[in-house]
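# Per-entry structural report
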Amino acid sequence: MSSLNPSRTAASPRAWRELERASRRENWGRAWYKFSHNPLSVVGLITVATIVLLALLAPYVTPYPEHAGPFTDFQNAKQPPSLRHPFGTDVVGRDVFTRTVFGFRFSLTMGVVVLALVVPPGVLLGLLAGYYHGTWVDTLIMRVTDIFLAVPPLILALAIASVLEPNLFNSMLAVSLMWWPWYTRLVYGLTAQMRNEYFTVSAEIMGASRWHILFREILPNCVSPIFTKMSLDMGWVILIGASLSFVGLGVQPPKPGLGTMVANGARYLPDLWWIALFPALAIVVIVLGFNLLGDGLRDLFAAEEI
Amino acid sequence: MDRPTPLLQIHDLRLQYRVYGGALQVLDGVHLHVHVGEKVGLVGETGCGKTSTMKAVLRVLPMPPAQITGGSIRFKGQEILAMDPRTLQQVRGRGISMIFQDPTAALNPVFTVGQQLEAVLRSHWGRRADRGEIRAAALAALEEVALADPDRLLDAYPVQLSGGMRQRICIAMALATKPELLIADEPGTALDVTIQDQVLRLLHNLVEERNTSVILISHSLGIVRQLTDRVYVMYAGTMVESAPTRKLFTHPGHPYTQQLMEVVPRLSGGGIAPGIPGRIPDYLDPPTGCRFHPRCPHAMEICRREKPPAFSLDQDHQVACFLYDPAQGSPAP
């Protein structure tokens, strides 16, 4: 058949590439405009960026990097905040500021590792359960999920962390074990809904494989909610990690976990208030930062969907 | 009839949806066949089971709640209902393809047109094709559906296109696999009449050229009259009449078809047609006997008791109505 419309535009490939680049710039510009519309989102982004940078560069930005480990200097112990020690020193003379910055490393590791362990299996199970909505696969996966959700999260993590040897890795395992059901739930709902969307049925009719439908049609449509949830969850995972450290089941001294430091410092309240207060504030700031960032991302994606 | 085996043959298909309060008897003994190269229309009210029948053919009904309780669907002599997933995957796309009424929902919003079209082509050609070839084929496919500027369209997302463009792209995708049978489910309904006309003409030309068999689902009698060779009329999950298009429009047999013809608005005036009294029955508890009898002006005693079989008016005109039962004696209205 002769083409009914022979008019192909005569623009050169280079002109097209230039246009494409311009439109990509515009998309980013628009996204930033929407995100920055809420100043709190920007505050969250800056907080998170600062904490990540501090944690990455901890040995270079802290005044006494050697204080992060088993270090003692009893002559300088129990000093209140001053110019030399902005957050004061603890009972064995270690700089609290240095240890707090190193504490960010453990907190961020906790968040990143737990999410990395939790998201892939959680999402996969959610995809399967949603795709086989109404069949025994759905029932099996979602009832197991319900069982995990029915156990109080902190109690489960405490139980697991106390059975295993208490250290950072085991506390991450414990938190992971209780966290995946949330992703299964989220993706399950989205998939069950998208399963009957015309584009999925359409792909099926074209002879697409199950694999293609799950990972190339449905999953890409779940990406923004998953990312939003991840950034909101970072804060919560860090908080639970700090709680486990606080009760002695997470980061072990002399390593500077934020929760561990609060627990140790709490013994010297209220006289040596700075030992517990600053790590506690650090937890607040990091959790708040991730929550604000997550809210910003949610607004961004929500607006995009309209 | 000495014609060869039909490309698609649906025999006595029964389908129900399990819901709260029982089972919806959505299809109650549907018969349909399509020969190679034939263009068949399927008309009926909204909710009469047209789309459910076609989804059953492609086995894309959500099961549960849907449940096929009887009948057979044969494609080139092979039973679709008993096919293993691999064979079924071969039939879908290569054998049978489908276009939906809403082109917006039929395209994945997060991929460009090119990515989607190329994915279809790649799955059809297998691994042997290289990127350049696939790109060229995608461009050709878009040109075939008369879309201007295909280079740019390949990099566009569905939201950036108009309804007419999206429907053309859906047609391009459905035909890219060179199917033997194309099911078009109200392909113009979501578009305005001008664009609808263009799209239907285009579709008609494309299938004529390839000698593709077509099942055109529509509730517009005008469209069916223009584009099909033979028509099936469905009412509440039953096939009430089948006839060559011309014959159906000049001599509609079933009371339902006759009433359907009368309610078509005409420009020549006469006001708005009174319509068909009553409404489509409750599928949970469908009427006994003929499902149309509560709305039928000619309803007889037997219609309440027995389901009418298909009576042949002549060789290619079947009507499921006791008015045509020689045993009843009364001549047709």
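Residues numbered from 1 in each chain as written. Chains lettered and ligands numbered in written order. Predicted model: local features only at pLDDT ≥ 70, side-chain atom pairs only at ≥ 80, totals over all residues. Heavy atoms only, no water.

For chain A, the count of helices and strands is 11 helices and zero strands. Ordering the α and β elements of chain A from the N terminus gives α-α-α-α-α-α-α-α-α-α-α. Relative to a compact globule of 306 residues, whose C-alpha radius of gyration would be 19 Å, chain A shows 25 Å and is clearly more extended. With respect to the principal axes defined by its C-alpha atoms, chain A has extents near 90 × 55 × 30 Å. When each of the 306 residues of chain A is scored for burial, the buried share is 46%. Surface exposure of chain A reaches about 15,600 Å², of which carbon and sulfur atoms provide 68%. A distance of 5 Å separates the average location of the 22 positive side-chain charges in chain A from that of its 19 negative side-chain charges. (Helix = DSSP H or I, 4+ residues; strand = E, 2+ residues; numbered from the N terminus. Rg over C-alpha atoms; globule rule 2.2 N^0.38 Å. Buried < 20%, exposed > 50% of the residue type's maximum accessible area, 1.4 Å probe, protein only. Areas by Shrake-Rupley, 256 points an atom, 1.4 Å probe, with all protein chains shown as cover. Lys, Arg positive; Asp, Glu negative; His and termini not counted. Charge placed at Lys NZ, Arg CZ, Asp CG, Glu CD.)

Right, let's talk about the sheet that holds strand E3 (residues 39–43) of chain B for a bit. Residues and elements named next belong to chain B. The strand order across the open sheet formed by eight strands is E6-E7-E8-E3-E9-E10-E12-E11, and the pairing between neighbours is mixed. In this open sheet, the two strands that pair with only one neighbour each are strand E6 (96–99) and strand E11 (311–314). For this sheet, the mean inter-axis angle between neighbouring strands, taken without regard to orientation, is 20°. Across four bridges, the pairing between E6 and strand E7 (residues 181–185) is parallel. Directly across from Met98, in E7, lies its bridge partner Ile183. Sheet contacts for helix H2 (residues 85–95): E6 and E7; angle to E6, the most-contacted strand, approximately 55°. (Pairing = 2+ DSSP bridges. Axes fitted to C-alpha atoms, helices over the stretch in contact; angles between N-to-C directions. Contact = heavy atoms within 4.5 Å.)

This part covers the side chain of Asn108 of chain B. Its place among the elements puts Asn108 of chain B in the loop between E6 and helix H3 (113–125). Exposure remark for Asn108 of chain B: the relative accessible area of 0% places this residue in the buried category. Reaching out from Asn108 of chain B, the side chain makes a polar contact with the side chain of Asn221 of chain A at a distance of 2.8 Å. (Polar contact = N/O pair within 3.5 Å; in protein donor to acceptor, adjacent residues only side chain to side chain.)

Moving on, we come to helix H8 (residues 198–205) of chain A. Taking burial as the measure, the eight residues of H8 of chain A include seven buried ones, the bulk of the element. Those residues of H8 of chain A that sit buried are Phe199, Thr200, Val201, Ser202, Ala203, Glu204 and Ile205 of chain A. Contact partners of the buried residues in H8 of chain A: helix H4 (96–131), helix H7 (168–194) and helix H9 (210–246) of chain A together with helix H1 (50–58), H2 and E6 of chain B. After H8 of chain A finishes, the residue Gly207 of chain A shows a positive phi value of roughly 95°.

As a volume, the second largest pocket reaches approximately 880 Å³. Along the walls of the second largest pocket sit 31 residues, with Ala208, Ser209 and His212 of chain A together with Ala119 and Ser123 of chain B positioned nearest its centre. Among the secondary structure elements, those contributing two or more residues to the lining of the second largest pocket are H8 and H9 of chain A together with H2 and H3 of chain B. Tallying contributions element by element places H3 of chain B first for the lining of the second largest pocket, with seven residues. Among the residues making up the lining of the second largest pocket, the classes are represented as 10 nonpolar, 14 polar and seven charged. (1 Å grid on protein atoms, 1.4 Å probe; cavity = no way out; pocket = protein on both sides within 12 Å on 5 of 7 lines; lining within 4 Å. Points joined across faces, edges and corners; volume = space filled by probe spheres on them. Nonpolar A, V, L, I, M, F, W, Y, C, P; charged D, E, K, R; others polar.)

Residue and element names in this part refer to chain B. As defined by bridge partners, strand E1 (residues 8–19) adjoins strand E4 (residues 66–75) across eight bridges and the pair is classed as antiparallel. Across the sheet, residue Leu15 finds its bridge partner in E4, namely Ile68. Of the pairings in the sheet, the one linking E1 to strand E2 (residues 22–34) comprises 10 bridges and is antiparallel in character. Looking at the pairing, Arg14 lines up with Asp28 of E2. Linking two consecutive strands that pair antiparallel, namely E1 and E2, is a turn of two residues; a positive phi of about 90° is found at Gly21 within it.

So, on to the interface of chain A and chain B. Tallying the contact residues gives 28 residues for chain A and 35 residues for chain B. Summing both sides of the interface, chain A and chain B together bury roughly 2,800 Å²; the carbon and sulfur share of this comes to 61%. Viewed at the interface, chain B and chain A are joined by one salt bridge. We note a salt bridge from Arg92 of chain B to Glu204 of chain A, for which the minimum N-O separation is 3.9 Å. When contributions to the side of chain A that touches chain B are tallied by element, the ones reaching two or more residues are helix H1 (13–36), H8 and H9 of chain A. (Buried area = accessible area lost by both parts, 1.4 Å probe. Salt bridge = Lys/Arg side-chain N within 4 Å of Asp/Glu carboxyl O.)

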